[in-house]
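Chain by chain, the residues run as shown.
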Amino acid sequence: MTTDRARPSVRVRWLPILFAFLVLAGGAGCESGSRSSNDFRVAVLLTGPVSDDGWNQSAWEGVLAIRDQLGAKVSKVESLDKSQFEENLRQFAAQGTRLVFAHAYEFQDATLRVAAEFPQTTFVVIAGDRAAANVGAVHFTLEQATYVLGALAARLSEAPVVGLIGGEEIPSLVPGFRGFANGARSVRPDIRVVTKYVGNWHDVTLARELAEALVAQGADFIFQNADRAGLGVFQAAAAHEGVWAFGSNKDQADVVPGAVYASAVLDVPTAYLAIARQVKDGVYRPAATSMGVAEGVVRVALAPEVSASLDRETKEFVADLEARIADGRVDVLAR
């Protein structure tokens, strides 16, 4: 494998699937659509700033899409203080907010407690796995994209090791990291997959130090899911010829140009808009559900400078892997 950053790559194409209504089973129906559309208020609680070029920014883009397409009045809180989670949620509901997105697994317990006090408000925990009478949960199957990234990394890499860097060690990160590791080992069963955690979502310096340590171990492909802290991983990759980082949640190729090989992308606005439309129409049914390739919200995006082409054999390998994941022939989380 050449380590030149100009090496070609193949564009990963997911099957184009139209994302219409979500069919969410179970749970009692939420508030009917009897309120005026002018009273449709939507809010989002975030773990960090919407300028993170990733997880939080994608959520705010989703809320803005709801504002623009459904005429909602929108608001947000960018909260890093876990002691304020319940109060933030409570304030949204007390203001008559009809739909509140809690955009991280960390909000799940607080949301379930607060939601019982405000039955007229619908809450949706993103990356959650538990539902209640007026609480839905959505898991984005990012692992379907990270599996492809892991397989591609193992195929292209000459190193004995690839790396993973996360923000905090929380359950919602596990599937994506496991998918990446499984993808890599499906190509090279003996490849080492080293995982490190920053301990937060904002320490760029520490994230770079962790990435540098992985590079020192020989890693030339590193997948990060660390929100704002992920910038440090990109910086480390940019500092070493032949080392590449993978982005997460959004297409992050432009964050540090020349450092990001590809991204595992979530189309969060599409998901947010579909949920909000159901809530506004009074047909949303809270449940714990998943959205991925089949719903058109998960895909792989290669950076422009590496998207021209790979050799035919690698192109065919990627295309076949895509097809098998799309139709369920590959269980990306199976050990």
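Now for a description of the structure that goes with this document. Only a predicted model underlies this, so the values are computations on that prediction, with no experimental measurement involved.

**A closer look at the sheet that holds strand E1 (residues 41–46)**
So, step 1. The strand order across the open sheet formed by six strands is E2-E1-E3-E4-E5-E11, and the pairing between neighbours is parallel. Every interior strand has two partners, whereas the edge strands, strand E2 (73–78) and strand E11 (288–291), have only one. On average, each strand axis in the sheet is inclined to that of its neighbour by 20°, with strand direction left out of account.
So, step 2. Examined bridge by bridge, E1 and strand E3 (residues 99–102) share four bridges and lie parallel to one another. Paired with Val44 across the strands is Phe101, a residue of E3.
So, step 3. Sitting on the sheet, helix H2 (residues 85–94) is in contact with E1, E2, E3 and strand E4 (122–126), with an inclination near 175° to E1.

**Quick notes on the packing of helix H4 (residues 143–156) against helix H9 (residues 312–326)**
So, step 1. In contact at an axis separation of 11 Å, H4 and H9 are set at 155° when each is read in the N-to-C sense. Between H4 and H9, the angle is such that the two are roughly antiparallel. Crossing handedness for the pair H4 and H9: right-handed. Of H9, the residues touching H4 (which contributes Gln144, Tyr147, Val148, Ala151, Leu152 and Arg155) are Glu313, Thr314, Phe317, Val318, Leu321 and Ile325.

**What about the layout of surface pockets?**
Remark: the empty space left among the atoms is shown by a probe the size of a water molecule rolled over them.
So, step 1. Roughly 170 Å³ of internal volume is contained in the largest pocket.
So, step 2. Every residue lining the largest pocket is listed: Leu164, Val174, Phe177, Arg178, Ala181, Asn182, Arg185, Val193, Thr195, Tyr197 and Arg335.
So, step 3. Those elements giving two or more residues to the lining of the largest pocket turn out to be helix H5 (174–187) and strand E7 (192–197).
So, step 4. Top element by residues in the lining of the largest pocket is H5. It accounts for six residues.

**Points about helix H3 (residues 108–115)**
So, step 1. Where H3 is concerned, the buried positions are Gln108, Ala110, Thr111, Val114 and Ala115. Buried residues in H3, looked at end-on, bunch into an arc of 160°, giving them a common side.
So, step 2. Among the structural elements, H2, E3, E4 and strand E5 (135–140) are those in contact with the buried residues of H3.

Cut-off values and rules
Residues numbered from 1 in each chain as written. Predicted model: local features only at pLDDT ≥ 70, side-chain atom pairs only at ≥ 80, totals over all residues. Heavy atoms only, no water. Pairing = 2+ DSSP bridges. Helix = DSSP H or I, 4+ residues; strand = E, 2+ residues; numbered from the N terminus. Axes fitted to C-alpha atoms, helices over the stretch in contact; angles between N-to-C directions. Contact = heavy atoms within 4.5 Å. Parallel < 35°, antiparallel > 145°, perpendicular 65-115°, else oblique. Left-handed = near helix turned anticlockwise from the far one by under 90°. 1 Å grid on protein atoms, 1.4 Å probe; cavity = no way out; pocket = protein on both sides within 12 Å on 5 of 7 lines; lining within 4 Å. Points joined across faces, edges and corners; volume = space filled by probe spheres on them. Buried < 20%, exposed > 50% of the residue type's maximum accessible area, 1.4 Å probe, protein only. Arc of directions from axis to C-beta.

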